[in-house]
Amino acid sequence: MTAAAAAAVALVREAGLAGVGELLVDPELLASYRHDQAAPGLLASGTPAAVARPTTTAEVQAAVIAAARAGVPVVARGAGSGLSGGANAIDGCLVLSLERMTQIVDLDPGALTATVQAGVVNHALRDAAAGERLLYAPDPASYEFSTIGGNVATNAGGLCCVKYGVTRDALLGLEVVRADGEVMRVGHATRKGVTGYDLTSLLCGSEGTLAIVTEATVRLLPQPPAAHTLAASFSRLDAAGHAIAAICRRHRPSMLELMDRTTIGAVEALQPMELDLEAEAMVFARSDAGRVEGAEEIAALARLCEQAGADLVLTSDEEAEGRMLMAARRLAFIALERQGSTLLDDVAVPLPAVPALLRGIERIAERTGVLIGTFGHAGDGNMHPTIVYDHTDADALVRARAAFDAILALAIDLGGTVTGEHGVGLLKREAAARELAGSLDLQRAIKAAFDPHGLLNPDKVPWAA
């Protein structure tokens, strides 16, 4: 047993975690908190000494103080839906699960803001806002079960971020517990504010390595009108790329998505929709600009797709029909997941490089002999190459990891980044270190300023080591 593990066990036995909310120490229960949803068979995960499940900031504070006194690492966790291993436990650590912190503290229609605890599910906040005819815009694909705290930890995006931005764009302020147990509020209650360094934006995306988020104050928007929808099929990937580039130069749709031929085939196999299996790409778009303006924008997008060489373009101004047109895109990951274990990647490149990224991914799939289906947010260049493999086969694991590493290298070579919205975690530590080679010393200095003893999620991002 390591010294840290021994200290954690002693911490639990000596009841040093009094006042932290529900405390789990049963081995069978602890096993369910060992890892998130990332890369079966490819990432290590330890066994925590205990799991604390607080309901208040004071209980989070008590847990962090007790762990700091004992020198025990703390791994914060939301719904466990992460895709980078950011919530994977360390042997002997304290997992701090915020899943019971589910209170919507305040929703102010006049100020267009909401303050929520970290464990509030994204969908619950969206529903509460909709009850006031308002919109909480960030909509990651996991919005039905991922939490606001987890969304903040990774700066989650989603299908509508091409128009409305990612989690950071909706954040006004945070309440956090620092590594020494101090409770701190950062940000502003106002819609604008530039006093001091922007610590809210710094903490958003920090994956629990700087502080534990307990509350978030977010901006809300007027609820947009019903959307108009487009789906277009392209026999050539380059033509789809030209259409996307033309759309982004002239319009700002509320959604602009793409999926490649491998994904098209997987969706059709899962749920027959008469999709064109010869198509190299499908593009999906929505406009919520209004009944008249939205119809005009979708018509303009349809013309741009046709001019770029689309073989088929379908549009609709009916919400039910629109959902049917979008069904193929929404089934993309589920369809690939049905074919084996999945390693869902998350790279982003400049918009003109999207076709080159997709062509490169096809070549990587051929070279490594693995199935890779790619879909994602074409409007901001954030693609999700999804590697399908057998996690019980040692050779398949090696080839899957080789394909994954090659995709990360390709994204960097194209002027992109190794993660657009899923985070670094354990999965991309080495690749992130290469991408940030020129600033790692500064990253480490920031980490040390917030967490001088290195107890908050210490083995994840490379500058946290």
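Each remark here, short or long, concerns the structure printed above.
The numbering scheme is per chain: residues are counted from 1 as the chain's sequence reads. Restriction of local features to residues with pLDDT of at least 70 applies here, the model being predicted, together with a cutoff of 80 or more for giving and counting side-chain atom pairs; totals for whole chains, interfaces and linings are based on all residues. Water and hydrogen atoms play no part in the side-chain values, which are based on all heavy atoms of the structure.

Now for the overall build of the protein. Each helix is a run of H or I in the DSSP string that is no shorter than four residues. Each strand is a run of E no shorter than two, and both are numbered from the N terminus. Assigned secondary structure in the protein consists of 17 helices and 19 strands. For 465 residues, the compact-globule estimate of 2.2 N^0.38 gives 23 Å, and the protein sits close to it at 22 Å. The dimensions of the protein, computed from C-alpha atoms along their principal axes, are 70 × 60 × 40 Å. Accessible area is worked out with a 1.4 Å probe on protein chains only. A residue is then buried under 20% of its type maximum, exposed over 50%, and partly exposed in between. Scored against the burial criterion, the 465 residues of the protein give a buried share of 54%. We call two residues in contact when some of their heavy atoms are within 4.5 Å. Once local pairs closer than 6 in sequence are excluded, the contacts in the protein between residues at least 24 apart make up 73%. Accessible areas in this description were obtained via Shrake-Rupley with a 1.4 Å probe; residue shielding takes into account the shown protein chains only. For the protein, the accessible surface area stands at approximately 19200 Å², while carbon and sulfur atoms represent 53% of it. Here the protein contributes 38 positively and 56 negatively charged side chains, and the mean placements of these two sets differ by 3 Å. Only C-alpha atoms enter the radius of gyration, while the globule expectation follows 2.2 Å times N to the 0.38, with N the number of residues. Charged-residue counts in this description rest on Lys and Arg as positive and Asp and Glu as negative, His and the chain ends being excluded. Lysine's charge is taken at NZ, arginine's at CZ, aspartate's at CG and glutamate's at CD.

Salt-bridge detection follows one rule: a side-chain nitrogen of Lys or Arg within 4 Å of a carboxyl oxygen of Asp or Glu. A complete count under the given rule lists 20 salt bridges for this structure. Where R53 meets E22, a salt bridge forms, and the shortest distance between an N and an O atom there is 2.3 Å. Placement of R53 in strand β2 (residues 50–53) and of E22 in strand β1 (residues 22–24) is noted, with a sequence separation of 31 residues between them. Each member of the salt-bridge network shares a partner with another, and the members are E22, R53, E99 and R100.

What follows is about the nonpolar core. To define a nonpolar core, start from buried Ala, Val, Leu, Ile, Met, Phe, Trp, Tyr and Cys residues and group those joined through side-chain atoms within 4.5 Å. Counting 58 residues, the largest nonpolar core has L230, F234, L258, C305, I372 and I387 as its most contacted members. The greatest single-element share of this core, amounting to nine residues, is contributed by helix α15 (residues 394–413). Contact partners of I387, with chain neighbours within four places excluded, come to S341, T342, L343, V370, L371, I372, A400, A403, F404 and I407. Core analysis: the next-biggest nonpolar cluster, separate from the first, contains 24 residues, V120, A129, L134 and V213 among them.

For the rest of this paragraph, the subject is the packing of aromatic side chains. Pairing of aromatic rings covers Phe, Tyr and Trp, the last counted by its six-membered ring, and requires centre-to-centre distances within 6.5 Å; plane angles under 30 degrees mean stacked, over 60 mean edge-to-face, and any other angle means tilted. Using the criterion set out here, one finds zero aromatic pairs in the structure. Two thresholds decide whether a charge sits over a ring: the Lys NZ or Arg CZ must be within 6 Å of the ring centre and within 35 degrees of the ring normal. The lysine or arginine in question, R126, covers the ring of Y143, its NZ or CZ lying 5.6 Å from the ring centre.

This part covers the sheet that holds β2. The strands making up a sheet associate through hydrogen bonds between their backbones, and the pairing can be parallel or antiparallel. At least two bridges found by DSSP between two strands are what make those strands a pair. Spatial ordering of the open sheet is given by β1-β2-β4-β3, a layout of four strands whose pairing is mixed. Two strands in the sheet have a free side with no partner beyond their single neighbour: β1 and β3 (74–77). For this sheet the average axis-to-axis angle between neighbouring strands, irrespective of direction, equals 20°. In the sheet, β2 pairs with strand β4 (residues 94–97) via three bridges, with the strands oriented parallel. Paired with A52 across the strands is L96, a residue of β4. The strands touched by helix α3 (residues 57–70) are β3 and β4; relative to β4, the strand with the most contacts, the crossing angle is about 170°. Only the contacting stretch of a helix is used when fitting its axis, a line to C-alpha atoms as for every element, and angles between N-to-C directions run 0 to 180 degrees.

Turning to helix α10 (residues 261–270), a few remarks are in order. Along an α-helix, residues three or four positions apart point the same way, because every turn accommodates 3.6 residues. Residues of α10 that are buried: T263, I264, A266, V267 and E268. Along its buried surface, α10 packs onto β13 (255–260), β14 (281–287), α12 (319–330), α13 (332–337) and β18 (371–377).

Let us look at the packing of helix α14 (residues 354–368) against α15. At their nearest, the axes of α14 and α15 sit 10 Å apart, and the two run at 155° to each other. Between α14 and α15, the interaxial angle falls into the category roughly antiparallel. The handedness of the crossing between α14 and α15 is right-handed. Along the contact surface, α14 presents L357, G360, I361, I364, R367 and T368, while α15 presents R399, A403, A406, I407 and L410. Classification used: nonpolar for Ala, Val, Leu, Ile, Met, Phe, Trp, Tyr, Cys and Pro, charged for Asp, Glu, Lys and Arg, polar for all others including Gly. Among the residues forming the contact of α14 with α15, the class breakdown is seven nonpolar, two polar and two charged. Orientation categories follow fixed angle ranges, with anything under 35 degrees roughly parallel, anything over 145 roughly antiparallel, 65 to 115 roughly perpendicular, and all other angles oblique. Helix crossings are classified by the rotation of the near helix relative to the far one: an anticlockwise turn of less than a right angle makes the crossing left-handed, while a clockwise turn makes it right-handed.

Moving on to the sheet that holds strand β10 (residues 212–219). The strand order across the open sheet built from five strands is β5-β6-β10-β8-β9, with neighbouring strands paired in antiparallel fashion. The sheet is open, and its two borders are formed by β5 (104–108) and β9 (183–187), each paired with just one other strand. Put simply, the sheet's adjacent strands are angled 15° from each other on average, direction ignored. Where α3 meets the sheet, its contacts fall on β8 (171–177), β9 and β10, and the angle it forms with β8 comes to roughly 50°. Where helix α4 (residues 122–130) meets the sheet, it contacts β5, β6 (113–117) and β10, and its direction lies at approximately 35° from that of β5.

To continue, consider helix α9 (residues 237–250). Helices are assigned an expected span. That span is 1.5 Å times one less than the residue count. If you check α9, its first and last C-alpha atoms are 21 Å apart, about what 14 residues at 1.5 Å a residue would give, namely 20 Å. Listing the buried residues of α9 in full gives L237, A239, A240, G241, A243, I244, A246 and I247. Elements that come into contact with the buried residues of α9 comprise β12 (228–234), β13, β14, α11 (291–308) and α14.

This part is about unusual backbone geometry. Phi is positive for L112, close to 55°, though the residue is something other than glycine. With respect to the helices, strands and loops of the structure, L112 is situated in the loop between β5 and β6. Positive phi is not limited to glycine here, since R133 has a value of about 55°.

A word on the pairing of β14. β14 sits mainly inside the fold: seven of its seven residues count as buried. Across the two faces of β14 the burial is the same, with A281, V283, A285 and S287 and M282, F284 and R286 all buried. As paired elements, β12 and β14 share seven bridges and run antiparallel to each other. In the strand pairing of β14, S233 is matched with M282. When β13 meets β14, the two strands line up antiparallel, connected through six bridges. Each residue of the ladder has a partner; that of D260, found in β14, is A281.

So, about the environment of L24. Its location among the elements puts L24 in strand β1. The class of L24 is buried, set by a relative accessible area of 9%. Between the C-alpha atoms of L24 and A52, which are 28 residues apart in sequence, the distance is 6.4 Å. Setting aside chain neighbours within four positions, we find L24 in contact with L29, L30, Y33, A50, V51 and R53.

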